[in-house]
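# Geometric and topological summary
Chain residues, written in single-letter form:
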Protein chains: 2
Amino acid sequence: MADLIERLLDGLPADAVLTDPDVTRAYAGDMAGFCPPGEPAVVVLPRTVEQVQHVMRTATATRTPVVPQGARTGLSGGANASDGCIVLSLLRMDRILEVDPVERIAVVEPGVVNAALSRAVAEHGLCYPPDPSSWEQCTIGGNIGTASGGLCCVKYGVTAEYVLGLEVVLADGRLLHTGRRTAKGVAGYDLTRLFVGSEGSLGVVVKAVLALRPRPPRTLVLAAEFPSARAAGDAVCRIMADGHTPAVLELMDRTTLRAVNDLTRMGLPETTEALLLAGFDTADPAGDLRAVALLCEAAGAVEVVPAEDAAESELLMKARRSALVALEAVKGTTMIDDVCVPRARLADMLDGVAAIAERHGLTIGVCAHAGDGNTHPTVCFDAADPEESARARLSFDEIMALGLELGGTITGEHGVGVLKKEWLAREIGPVGIELQRGVKEVFDPLGLLNPGKLF
Amino acid sequence: MADLIERLLDGLPADAVLTDPDVTRAYAGDMAGFCPPGEPAVVVLPRTVEQVQHVMRTATATRTPVVPQGARTGLSGGANASDGCIVLSLLRMDRILEVDPVERIAVVEPGVVNAALSRAVAEHGLCYPPDPSSWEQCTIGGNIGTASGGLCCVKYGVTAEYVLGLEVVLADGRLLHTGRRTAKGVAGYDLTRLFVGSEGSLGVVVKAVLALRPRPPRTLVLAAEFPSARAAGDAVCRIMADGHTPAVLELMDRTTLRAVNDLTRMGLPETTEALLLAGFDTADPAGDLRAVALLCEAAGAVEVVPAEDAAESELLMKARRSALVALEAVKGTTMIDDVCVPRARLADMLDGVAAIAERHGLTIGVCAHAGDGNTHPTVCFDAADPEESARARLSFDEIMALGLELGGTITGEHGVGVLKKEWLAREIGPVGIELQRGVKEVFDPLGLLNPGKLF
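Residues numbered from 1 in each chain as written. Chains lettered and ligands numbered in written order. Predicted model: local features only at pLDDT ≥ 70, side-chain atom pairs only at ≥ 80, totals over all residues. Heavy atoms only, no water.

### What to know about the relation of the copies chain A and chain B
Superposing chain A onto chain B requires a rotation of 180 degrees together with a translation of 0.0 Å along the rotation axis, leaving an RMSD of 0.0 Å. In the structure described here, the two chain copies are related by an operation that fits a two-fold rotation axis. When the interface residues of chain A are mapped onto chain B, 100% of them are again interface residues, pointing to one common binding face. (Least-squares fit on C-alpha atoms with pLDDT ≥ 70 in both. Contact = heavy atoms within 4.5 Å.)

Given below as structure tokens:
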């Protein structure tokens, strides 16, 4: 241990090597429930590629596991420390190296905060679409690690669509360049995309070339109230089948609406079973909203209210963005599922979750990126109550089982981490797991990078 | 050999196993120049997943190399037979299994022709954007193998963006499911994207879940004439930096324009150095064209002519689509480069190619997906003239070297095949090659799938 620290200090400044347990404990885990992190031996905070290489060479020489880490806003335990590991925090590598409006790219270090990038590129009339709820805290490196999504995905896709090229420090300290700076490129296997969503288990991303888009007009939103999940799900299907591509198409159930009202006093309708927010950033958003309003009404909406303007729209989106925090306030602790199902099964998913909640006597609020079929059933419970906690954990797993039964996936955008390891095996099967393990061994033959995650 | 055929016939109907050399020779190679194919031992044309599994089990048992093949329209030799191999043609697996407008997906077999899919989904008001020039012949399986692009990419991206999930027969005959049917999904490493562009070297795609989009309005196009490559490149940069995203942004140089006129008698302007075609499929294409026309004029366009209507626009696009055939008619044979450079280096690329042509006394026409920086310098030569052929080959390589020098890639959308093997190593370097080889070994430990390609 003393030897490890000494070796690390041989290539890192003293302030980049933290060993005080009171300090390192703060870096031990991300925001996932039910997966207590281990105790790191040391936390390192490099500022340069060379320093990251030094850390990985040291880890290889001493056979010490390494857990790469961003802002620890993840929800699956993917950034959780294992006992005796080096936590490799990329937070200090936070420079935006380049924003190029002609190539429509940004080149960034992994510790750049998502919102900081968004603001920086906005000055050039550009946007970086992926917008996880934690966008004010989470880092691009973390986004790449978990293949993050957000509210934008129904129109703009997920992180994978925006990563053109990477620089990666491998487990043995060597530097790998993948991908490109150009708009297109297909030279060899797509290792860039392989790293996206690999949860730090294949290498440490130290630089990323990201694709940008022209900044769209401000989004105009409508709110539609439905008497049942079935009707709301039907509206989503009608909207997509009719050829609309909203910039956002979000859903909150009654439990979530109440929680948001309790937290924000926003006065959202609490008598409705499901509130749908549909937004457009097109040339004629009001026209698009009118068409979507008719489809909502045809699906059984009891009330459809278009926002007056962009400011009122932003207020509605703020309500949606506060959903998780609001649900956390209900009972102190939440477990957030991330099941994505085919759009046509959205109503089945919502009804199924309600049945699970009732069976276990639990409060489960559902908010969803409805346009993607990506639901976040959120189990609210009192962590101090072991019996309720056990029921919460049980219902969390039942929700994933339901998702798979409906032809969905256990994770639309949060990743596998430690929380869903067994579920990954259930989803992708033994052949898939065998090949994924094989890929892992190619990149990390000693198994030092984020051990115990994914598989 | 007799044993191989017997084993194959054990699980395939007789009409699916071709051994007559006069027949099998027709399946030996794709459309790439300078890479003569080998002689296949046998060509198999399975109709079912089980039959493909039988072929791969037989190949593994007899240690026979397998070359998976679509419509052989590839331009890099990726589908070329090696001596004594089994050519595994997927042409008879050509069923569109599902088109779902709510999920916006199609589920297809690999032998479905790109244009057939486009027409089938159009009936549902949907489109499958990737549109390689060979779209009337090429198959979805081949598109996935080479990660094909096309004219649509500047707005709609490449094949990788549209492949959600795959069924793949592995080298040993086992069946692998990757990805999903849902809009989002991040469960485990992205093996789906790893297969896209892997040129049949990791497994045989037998089914694909593809993402679709609502069919956009018809594209309205303008033609802008420029006195120099520099001015045309400048226009491209201005258009992109100004926040426009055309549905097409194509370029033809003077050599190409002449060739197209000779072939089609279309009367395109031959005095111009570079003709730019910019097209929009937005809500207000005429307005977008007006804005782009001003930018073209500011960049030095001598003439800007918007098409009267969609029909006239389609005529202009037809001219662009006939470019490669037209250039082939110039001297009988062409070598088509596929270098993609940053947009800001487009003019340097065009000028550099002109210098290479002059130095070698060759005719090299350039057409380009200019909005992507993806150029197709096309060397026209007489294959019966060994000396000219040698110069053609030399210039082909010099063009790739120039592309790398300008920060580009050796292949934007055609793939590596056998033609650019050494160049792949130059582009991605020894660490990249080592890892790519490692990945290959995980999926195909005996090295039976499309040996001698990529590396």
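That shown, we press on.
### Here's the deal with the UniProt feature "domain: FAD-binding PCMH-type" (unreviewed entry) in chain A
Mapped onto the present numbering, the UniProt feature "domain: FAD-binding PCMH-type" (unreviewed entry) falls on residues 36-215 of chain A. With 22% helix and 24% strand, residues 36-215 of chain A has its two end C-alpha atoms placed 40 Å apart. (UniProt positions renumbered as here; feature names shortened; annotations may be inferred. Helix = DSSP H or I, 4+ residues; strand = E, 2+ residues; numbered from the N terminus.)

### Here's the deal with the packing of helix H8 (residues 229-241) of chain B against helix H10 (residues 285-298) of chain B
Residues and elements named next belong to chain B. Between H8 and H10, whose axes approach to 8 Å, the crossing angle comes to 140 degrees. With respect to H10, the element H8 is oriented oblique. Read as a crossing pair, H8 and H10 show a hand that is right-handed. In this structure, H8 uses Ala 235, Arg 238 and Ile 239 to contact H10, whose residues at the interface are Val 292, Leu 295, Cys 296 and Ala 298. Counted by class, the contact of H8 with H10 contains 6 nonpolar, no polar and 1 charged residues. (Axes fitted to C-alpha atoms, helices over the stretch in contact; angles between N-to-C directions. Parallel < 35°, antiparallel > 145°, perpendicular 65-115°, else oblique. Left-handed = near helix turned anticlockwise from the far one by under 90°. Nonpolar A, V, L, I, M, F, W, Y, C, P; charged D, E, K, R; others polar.)

### Notes on the interface of chain A and chain B
Taken residue by residue, the interface counts 72 residues in chain A and 72 residues in chain B. Taken together, the two surfaces of chain A and chain B that pack against each other cover about 5,700 Å², and 62% of this comes from carbon and sulfur. Of all residues in chain A, A:Lys184, A:Val186 and A:Tyr189 bury the most surface against chain B, accounting for 17% of the area lost on that side. Run the count over chain A and chain B and you get 8 salt bridges. Of the charged contacts in the structure, one is a salt bridge between A:Glu434 and B:Arg174, with a shortest N-O distance of 3.0 Å. Linking chain A with chain B are 26 residue pairs in polar contact (both at pLDDT 80 or more). Elements that contribute at least two residues to the side of chain A that touches chain B include exactly strand E9 (175-179), helix H7 (191-195), helix H8 (229-241) and helix H15 (421-443) of chain A. Per-element accounting of the side of chain A that touches chain B gives the leading share, 13 residues, to H15(A). Classifying every residue of the side of chain A that touches chain B by side-chain character gives 36 nonpolar, 23 polar and 13 charged. (Buried area = accessible area lost by both parts, 1.4 Å probe. Salt bridge = Lys/Arg side-chain N within 4 Å of Asp/Glu carboxyl O. Polar contact = N/O pair within 3.5 Å; in protein donor to acceptor, adjacent residues only side chain to side chain.)

### Considerations on the sheet that holds strand E16 (residues 333-336) of chain A
Each strand in a sheet pairs with another by means of backbone hydrogen bonds, the pair being arranged parallel or else antiparallel. Residue and element names in this part refer to chain A. Sheet architecture is open: 7 strands sit in the order E15-E12-E14-E13-E17-E18-E16, paired in antiparallel fashion. Two strands in the sheet have a free side with no partner beyond their single neighbour: strand E15 (303-306) and E16. The sheet shows a mean angle of 20 degrees between the axes of neighbouring strands, taken without regard to direction. Taken strand by strand, helix H9 (residues 254-264) contacts strand E13 (248-253), strand E14 (274-280) and strand E17 (363-369), and its axis lies near 85 degrees from that of E13. Packed onto the sheet, helix H10 (residues 285-298) meets strand E12 (220-226), E14 and E15 and runs at close to 10 degrees relative to E12. (Pairing = 2+ DSSP bridges.)

### Re the nonpolar core
One finds A:Phe226, A:Leu276, A:Phe443, B:Phe226, B:Leu276 and B:Phe443 to be the most contacted residues of the largest nonpolar core, which totals 203 residues. Discounting residues that sit within four places of it in the chain, B:Leu276 has contacts with B:Leu222, B:Ala223, B:Ala224, B:Phe226, B:Ala232, B:Ala235, B:Val236, B:Ile239, B:Leu249, B:Glu250, B:Leu251 and B:Ala370. (Core = buried A, V, L, I, M, F, W, Y, C linked by side-chain atoms within 4.5 Å. Buried < 20%, exposed > 50% of the residue type's maximum accessible area, 1.4 Å probe, protein only.)

### Some points on the domain arrangement of chain A
All names here are of chain A. Under the domain assignment, chain A is made up of domain 1 (2-89), domain 2 (96-214) and domain 3 (220-405). A C-alpha centroid distance of 22 Å is found between domain 1 and domain 2. Carbon and sulfur atoms make up 69% of the surface buried where domain 1 meets domain 2, a total of about 1,100 Å² over both sides. Here domain 1 and domain 2 share 0 salt bridges between them. Among the elements that line the side of domain 1 that touches domain 2, the one with the most residues is helix H3 (residues 49-62), at 6 residues. (Domains from an automatic or database assignment.)

### Structural notes on the sheet that holds strand E3 (residues 66-69) of chain B
Residue and element names in this part refer to chain B. Taken together, the 4 strands give an open sheet; going across it, the order is E1-E2-E4-E3, and neighbouring strands pair in mixed fashion. Looking at the sheet topology across the chains shown, the edges are occupied by strand E1 (17-18) and E3. As paired strands, E3 and strand E4 (residues 86-89) are joined by 4 bridges and run parallel to one another. Bridge assignment links Val 67 to a residue of E4, and that residue is Val 87. The strands touched by helix H3 (residues 49-62) within the sheet are strand E2 (42-44), E3 and E4, with E4 carrying the most contacts at an inclination of about 165 degrees.

### Quick look at the pattern of salt bridges
The full count for this structure, using the stated rule, is 56 salt bridges over all chains. A salt bridge links A:Asp351 to A:Arg230; the nearest nitrogen and oxygen atoms lie 3.2 Å apart. Linking A:Asp351 in helix H13 (residues 346-360) with A:Arg230 in helix H8, this pair joins segments that are 121 residues apart in sequence. Judged by relative accessible area, A:Asp351 falls into the partly exposed class, the value being 36%. Residues A:Glu413 and B:Lys184 are paired through a salt bridge, measuring 2.7 Å at the closest nitrogen-oxygen approach.

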